[in-house]
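Listed below are the residues making up each chain.
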Amino acid sequence: MSTEFEPFRGELIAYCYRMLGSVHEAEDVVQETMLRAWRARDRYESTRASVRTWLYRIATNVCLTALDGAKRRALPTGLGPASDDIDAKLLPALDIPWLQPYPDSRFETAAREDLRLALVAAVQLLPARQRAVLILREVLEFSAAEVAEQLDTTVAAVNSALQRARAAVADAPGLEVVTEPDDPEVAAVIQRYARAFEAADVAALVRLLTADAVMEMPPVPLWYRGSRDYGRFLQRVFRIRGTDWRMRPLTANGQPALAAYMPAPEGGHRLHTLQVFTVAAGRIAHNVVFADPGVLSMFGLPERIDSA
């Protein structure tokens, strides 16, 4: 039966990522799920549930155990007000469990819209069982009866938890913005941004932003709001890191993204950050800039590229 489990690995990783906010933890949880399923294969009853539903029940239990007592994963915008100190020291806060981006190209996942960073960040605010109910019902479209079976509870309890979860995430910022990376307008905006960044043209970059655009940079806990401060920070970046950058397009969390390569003293360019964008009405509204080497490694990006 183990061959029956493997086709579900990708969607299970996406589910556990939504629950945990970490790709690394999601992969570990799914591996544990597969191991438990293999050990319990003789007790599986096809008359009670499909293999898929059964695997989700196991995965949910493993996720709930992993979340017991764990700190929620967050982005800087969820921890405090915006900074207005453009020259603040960019010190990583390594004691905070940061939300990780999701490398689309690594996994076969259908519902990428529901992997958006804003939604995953909002889900992290919920109690663990409410997270499970919201994702299983709203994203994966299991019935209330199936979710009740997976959580060993009642349909009434599932419906109540779903109502509370919906209310809790309804006002989360950025959830109303849904754009596809391959939308021609979105792709054009990201292409113009990449060209302006490679030219170190701050004025052109600012023109591509909404007035209240946000830039945040986990694992650094500070963040900036507004095109003026965004632009002032980019001036600092180019002043410190140089102006001869290279940008490579990709996607993360079903959103447009760019891998940014800074000029290296020895020649060529070195991987610096992964930037994940939210585009609204033809402008960039949000940029989450990931600099953690452990996060960058998940995307299989080359650490260095030549100058061509």
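Here, every reference points to the structure presented above.
Residues numbered from 1 in each chain as written. Predicted model: local features only at pLDDT ≥ 70, side-chain atom pairs only at ≥ 80, totals over all residues. Heavy atoms only, no water.

**Description of unusual backbone geometry**
Next up, step 1: In this structure, P219 follows P218 across a cis peptide bond, with omega equal to 15 degrees.
Next up, step 2: Take P219: it is sitting in the loop between strand 1 (209-217) and strand 2 (220-225).
Next up, step 3: The backbone phi angle of E141 is positive, close to 60 degrees, even though this residue is not glycine.
Next up, step 4: For E141, a relative accessible area of 66% translates into the label exposed. (Helix = DSSP H or I, 4+ residues; strand = E, 2+ residues; numbered from the N terminus. Buried < 20%, exposed > 50% of the residue type's maximum accessible area, 1.4 Å probe, protein only.)

**Considerations on helix 9 (residues 184-198)**
Helical geometry note: an α-helix holds 3.6 residues per turn, so side chains three or four residues apart project in the same direction.
Next up, step 1: Taking 1.5 Å of rise per residue, 15 residues should cover 21 Å, and helix 9 covers 21 Å from first to last C-alpha, within 8% of that figure.
Next up, step 2: For helix 9, every residue scored as buried is listed here: V186, V189, I190, Y193, A194, A196 and F197. For helix 9, the arc enclosing every buried residue in end-on projection is 165 degrees, short of the 170-degree limit, so these residues lie on one face. Helix 9 presents P184 and R195 as exposed residues on the side facing more than 90 degrees away from its buried surface.
Next up, step 3: One side-chain oxygen at the N-terminal end of helix 9 lies 2.9 Å from the backbone nitrogen of E185; it belongs to D183.
Next up, step 4: Positive backbone phi, at 55 degrees, marks A200, one or two positions downstream of helix 9. (Expected span 1.5 Å × (residues − 1). Arc of directions from axis to C-beta. Polar contact = N/O pair within 3.5 Å; in protein donor to acceptor, adjacent residues only side chain to side chain.)

**Some words on a negative patch on the surface**
Next up, step 1: Together, E180, D182, D183 and E185 give the surface a local cluster of negative charge.
Next up, step 2: Relative to the helices and strands, E180 resides in the loop between helix 8 (155-169) and helix 9. (Patch = residues over 30% accessible without salt bridge, like charges linked within 9 Å, V, L, I, M, F, W, Y side chains within 5 Å. Areas by Shrake-Rupley, 256 points an atom, 1.4 Å probe, with all protein chains shown as cover. Salt bridge = Lys/Arg side-chain N within 4 Å of Asp/Glu carboxyl O. Lys, Arg positive; Asp, Glu negative; His and termini not counted. Charge placed at Lys NZ, Arg CZ, Asp CG, Glu CD.)

**So, the environment of Y44**
Next up, step 1: Along the chain, Y44 falls in the loop between helix 3 (23-39) and helix 4 (51-67).
Next up, step 2: Residue Y44 is classed as buried on the basis of its relative accessible area of 14%.
Next up, step 3: Separated by 199 residues in the primary sequence, Y44 and T243 have C-alpha atoms spaced 60 Å apart.
Next up, step 4: Among the polar contacts made by the side chain of Y44, one reaches the main-chain carbonyl oxygen of A49 at a distance of 2.8 Å.
Next up, step 5: In terms of polar contacts, Y44 uses its side chain to reach the backbone amide nitrogen of V51, at 3.1 Å.

**Here we look at the state of the cysteines**
Next up, step 1: On inspection of all chains with the given rule, the structure shows zero disulfides.
Next up, step 2: Left unpaired, C16 is separated from the closest cysteine sulfur, that of C63, by 3.5 Å.
Next up, step 3: We classify C63 as buried; its relative accessible area is 0%. (Disulfide = S-S within 2.5 Å.)

**A closer look at the nonpolar core**
Most often, soluble globular proteins have nonpolar side chains that are buried together.
Next up, step 1: In terms of nonpolar packing, the biggest core is built from 73 residues, with Y15, C16 and M19 touching the most fellow members.
Next up, step 2: In this structure, A196, L222, F277 and I284 belong to the second largest nonpolar core, which totals 35 residues. (Core = buried A, V, L, I, M, F, W, Y, C linked by side-chain atoms within 4.5 Å.)

**Describing the environment of Q130**
Next up, step 1: Note that Q130 resides in helix 6 (residues 128-139).
Next up, step 2: Taking C-alpha positions, Q130 is 6.7 Å from L162, a pair spaced 32 residues apart along the chain.
Next up, step 3: Every residue in contact with Q130, bar those within four places of it in the chain, is listed here: A161, R164 and A165. (Contact = heavy atoms within 4.5 Å.)

**Here we look at the packing of aromatic side chains**
Next up, step 1: Going through the model one piece at a time under the given rule, you end up with eleven aromatic pairs.
Next up, step 2: On the basis of an interplanar angle of 45 degrees and a centroid distance of 5.0 Å, the ring pair of Y17 and Y102 is categorised as tilted. Taken together, the residues span a long stretch of sequence, with Y17 in helix 2 (residues 9-20) and Y102 in the loop between helix 4 and helix 5 (117-123) at a distance of 85 residues. The burial state of Y17 is the same as that of Y102; both residues are buried.
Next up, step 3: Ring centres 6.1 Å apart and planes at 35 degrees place the aromatic pair Y193 and F197 in the tilted group. In this pair, Y193 and F197 are both assigned in helix 9, four residues apart and thus about one turn of the helix distant. No difference in accessibility class separates Y193 from F197, as the two residues are buried.
Next up, step 4: Members of the aromatic cluster, each reached through a chain of ring pairs, are Y193, F197, F238, W245 and F277.
Next up, step 5: Seen from the ring of W38, R41 lies directly overhead, with NZ or CZ sitting 3.5 Å from the centre. (Phe/Tyr/Trp six-rings, centres within 6.5 Å; stacked < 30°, edge-to-face > 60°. Lys NZ or Arg CZ within 6 Å of the ring centre and 35° of its normal.)

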